[in-house]
Structures are given as structure tokens and as C-alpha cells.
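Next come the chains, spelled out residue by residue.
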Amino acid sequence: MTLKTRRLLFMAVCLVPGLAMFVLFKLYPTIQVFYKSFFLWTGIGDEPKFIGFKNFVEMFRDDAFLLSLRNTGFLMVIVPVFTLLIALVNASILTRTKLKERGLYRTLFFFPSILSFVVIAILWSFIYHPTIGFLNSGLELSGLGQYAMPWLGDSRTVLWALAVTMIWQAAGYYMVIYMAGIDGISPDLYEAASIDGATPMKQFIHITIPMLWEIIRITIIFSINGVLSISFVIVTIMTAGGPDRHSEVVMTYLYQQAFTNSNFGYAMAIGVFVFAFSVILSLISNKLTERGSY
């Protein structure tokens with residue numbers, strides 16, 4: 001056996017197990033989702049019945065799905081905007097100011113990012129609790145008791161309450177990314193700007209943001225797509241889609257259709273829609289944030 005053959009054999013031994021697992025547990029199920037989305041199927045024992053595009057047509061006639069799509073869209077706009085803005089401002093403050101407690105603040109802000117989504121959802125459920133929750137208790141103690149309300153039980157506030165939870169969880173993670181980026185910016189740029197009389201705000205706008213723009217573009221895509229995954233856990237534990245579906249998101253509705261209503265064909269059609277929606281949204285976001293667009 002030649003040396004070249006041995007190398008090829010070694011490469012095959014290293015690659016084939018991982019490739020086989022990828023095909024078996026990732027590629028094949030994904031293809032099946034696309035395929036079964038064209039069928040009426042309960043997912044149990046009956047034969048799937050081909051119905052073409054009826055599942056996709058039904059989605060846009062389904063008021064519950066459209067409401068969940070609207071709620072998801074709201075979170076996919078609000079959460080990334082505030083998350084990245086807070087992360088960028090905090091990163092700039094912690095890197096551009098001489099704070100002795102910089103390490104402490106960095107740890108405190110990053111800590112929520114290492115917590116389990118389940119733990120975060122339970123924690124904030126207690127904070128928002130209408131009778132024993134920290135938020136309403138704090139309002140009562142500060143003389144603002146008239147503003148106390150069931151934050152997760154009111155259709156006007158439930159999505160905002162969920163958004164705050166998700167922002168709190170993710171802001172520290174993106175802050176650390178931005179801090180690493182800011183540390184890589186030459187101090188000479190800031191020094192020259194200071195000599196020219198630029199205020200810290202102008203330095204932030206005209207130096208920090210442009211120099212971090214490629215990193216910001218990537219984090220925008222990550223944060224938008226991240227809303228889809230984290231919203232499922234947060235909504236399931238904190239509100240279960242209530243009140244009256246006003247906090248239902250696409251992923252919880254998909255789960256409900258599949259595992260509660262045994263409507264797997266319809267659920268897979270929703271999954272295909274979510275996949276296509278995420279790809280299109282990422283492409284649009286990437287296009288709009290190109291350097292020329294900025």
C-alpha cells in the first residue's frame with residue numbers, strides 16, 4: 001500500500017463517521033421535512049396522503065398561524081435592535097473609559113448568556129408574577145402601584161415582557177463580541193479624533209461603528225435567527241402562547257400542530273416556511289447592511 005493510499009484511507013476513516021452522522025441525523029430528516037410537507041400525515045401509522053400545496057395554502061388562511069407570524073415578526077425586530085444597541089453601547093463604555101471594575105461589569109453583563117434558557121424563563125416568570133413578583137412589588141414600594149399589572153397575562157404587555165427577557169439574555173454575549181472588536185481598533189484613531197475636538201459621542205458614531213460594521217452585520221443576522229430558537233423555549237415556559245395566543249410564536253405553533261394536534265404534514269409545511277423565511281430575511285439583512293448601503 002502506497003503512502004498516498006494510506007493517507008486517503010486515513011482521511012476516509014476520519015471523515016466517514018462524521019459525514020454519516022450528518023447525513024443520517026441532519027440531511028435526511030431535512031429532506032424528509034420538505035418532502036412530507038406536501039402530505040396529509042398524522043405522524044402515527046397511517047399512510048401519508050399527497051395533497052400538493054394545500055398545507056402551504058392553509059397556512060395563510062389560518063388566523064392562529066398569521067397571529068403567531070405577526071408576534072414572531074415583532075420579536076425579530078424589537079429584540080435584535082435593542083439587544084445590539086445595548087451591547088454596542090456597553091462595549092464602548094467598558095473599552096473606552098477607564099473603569100477599575102471593567103472585569104466585574106463584563107462578567108455581570110455576560111453572566112445571563114451562560115444560563116440555560118429554561119432557567120432564564122423561570123427566573124423572569126417570577127419577576128413578572130402579578131402578586132409576588134419583583135417588578136410589581138418594586139412598583140408598590142416606590143409609590144407607583146397604579147402601574148402594577150399582570151405583565152404576562154395582558155395582551156398589551158406580554159410581547160414586550162418576553163422581549164425584555166430575551167434582550168437581557170443575549171445583550172452580554174454580543175457585548176463581549178463588540179468589546180473584542182473595539183480592542184482591535186487602533187488607539188491612534190481615537191487619539192487623533194480627540195485632538196481634533198471630537199466628543200466621545202462623535203468618536204462612537206464616526207469611528208467605533210464604521211470600524212465594527214462587518215462584525216455588526218454578522219451579529220444582526222445571528223440575533224435575528226436566534227430569536228426563532230430562543231422564543232420557543234421562553235414562550236413555552238413563560239406563557240404557553242397566552243393570553244389568547246397573543247404571545248404565540250411560529251415555533252410554538254409548529255410544535256402544537258405536530259405533537260398536540262398530530263398534524264405533522266401541516267407542521268412540516270410551517271417548518272419549510274420558517275426555513276425559507278429565515279434565509280430570505282438573512283439575505284435581505286445582509287444586502288441592506290452592505291458597506292455601500294451604510
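As shown above, the structure is provided for reference.
No experiment lies behind these values; they were computed from the predicted model shown. (Residues numbered from 1 in each chain as written. Predicted model: local features only at pLDDT ≥ 70, side-chain atom pairs only at ≥ 80, totals over all residues. Heavy atoms only, no water.)

(A) Up close: the overall build of the protein chain. When helices and strands are tallied, the protein chain shows 12 helices and 2 strands. When its helices and strands are written in sequence order, the protein chain yields α-β-β-α-α-α-α-α-α-α-α-α-α-α. For the protein chain, whose C-alpha radius of gyration is 24 Å, the value lies well above the compact-globule estimate of 19 Å for 294 residues. C-alpha atoms of the protein chain, sized along the principal axes, occupy 75 × 75 × 35 Å. In the protein chain, which comprises 294 residues, the share counted as buried stands at 39%. Of the contacts made within the protein chain by residues no fewer than 6 positions apart, 68% connect residues no fewer than 24 positions apart. Across the protein chain, the mean location of the 20 positive side-chain charges is 10 Å away from that of the 16 negative side-chain charges. (Helix = DSSP H or I, 4+ residues; strand = E, 2+ residues; numbered from the N terminus. Rg over C-alpha atoms; globule rule 2.2 N^0.38 Å. Buried < 20%, exposed > 50% of the residue type's maximum accessible area, 1.4 Å probe, protein only. Contact = heavy atoms within 4.5 Å. Lys, Arg positive; Asp, Glu negative; His and termini not counted. Charge placed at Lys NZ, Arg CZ, Asp CG, Glu CD.)

(B) Examining the packing of aromatic side chains more closely. Taken as a whole and assessed by the stated rule, the structure comprises 20 aromatic pairs. On the basis of an interplanar angle of 50° and a centroid distance of 4.9 Å, the ring pair of Tyr35 and Phe39 is categorised as tilted. Given the relative accessible area of 46%, Tyr35 is considered partly exposed. By relative accessible area, which is 10% here, Phe39 ends up buried. Ring geometry for Trp124 versus Trp168: centroids 5.6 Å apart, planes at 65°, classification edge-to-face. Residue Trp124 is found in helix α5 (residues 117–127), and its partner Trp168 is found in helix α7 (residues 158–183); the two are separated by 44 residues along the sequence. For Trp124, a relative accessible area of 12% corresponds to the buried category. A residue is classified by how much of its surface remains accessible, and Trp168, at 32% relative accessible area, is partly exposed. (Phe/Tyr/Trp six-rings, centres within 6.5 Å; stacked < 30°, edge-to-face > 60°.)

(C) Molecular detail of the packing of helix α3 (residues 63–96) against helix α4 (residues 102–110). For the pair α3 and α4, interaxial distance at closest approach is 10 Å and the crossing angle is 160°. With respect to α4, the element α3 is oriented roughly antiparallel. The handedness of the crossing between α3 and α4 is left-handed. Here Asn90, Leu94 and Thr95 of α3 come into contact with α4, specifically with Arg102, Tyr105, Arg106 and Phe109. Within the contact of α3 with α4, the residues separate by chemical class into 3 nonpolar, 2 polar and 2 charged. (Axes fitted to C-alpha atoms, helices over the stretch in contact; angles between N-to-C directions. Parallel < 35°, antiparallel > 145°, perpendicular 65-115°, else oblique. Left-handed = near helix turned anticlockwise from the far one by under 90°. Nonpolar A, V, L, I, M, F, W, Y, C, P; charged D, E, K, R; others polar.)

(D) Representation of unusual backbone geometry in the model. Here the bond from Gly242 into Pro243 is cis, since omega is -5°, no more than 30 degrees from zero. If you trace the backbone, Pro243 turns up in the loop between α10 (213–238) and α11 (250–260). A positive phi is found at Asp244, a non-glycine position, where the angle reads about 55°. When you line up the elements, Asp244 lands in the loop between α10 and α11. What makes Asp244 exposed here is its relative accessible area of 66%. Backbone geometry places Ser262, a non-glycine residue, at a positive phi of 50°. The class for Ser262 is partly exposed, based on a relative accessible area of 26%.

(E) Region of interest: α3. Taking 1.5 Å of rise per residue, the 34 residues of α3 would be expected to cover 50 Å, and the 49 Å separating its terminal C-alpha atoms lies within 8% of that figure. Where α3 begins, the side chain of Asp62 points an oxygen toward the backbone nitrogen of Ala64, at a separation of 3.0 Å. (Expected span 1.5 Å × (residues − 1). Polar contact = N/O pair within 3.5 Å; in protein donor to acceptor, adjacent residues only side chain to side chain.)

(F) Expanded view of the pattern of salt bridges. Applying the stated criterion to the full structure yields 5 salt bridges. Of the charged contacts, one joins Glu248 and Arg245 as a salt bridge, the two residues approaching to 2.7 Å between their closest N and O atoms. What makes Glu248 buried here is its relative accessible area of 3%. The partly exposed category is assigned to Arg245, whose relative accessible area is 28%. (Salt bridge = Lys/Arg side-chain N within 4 Å of Asp/Glu carboxyl O.)

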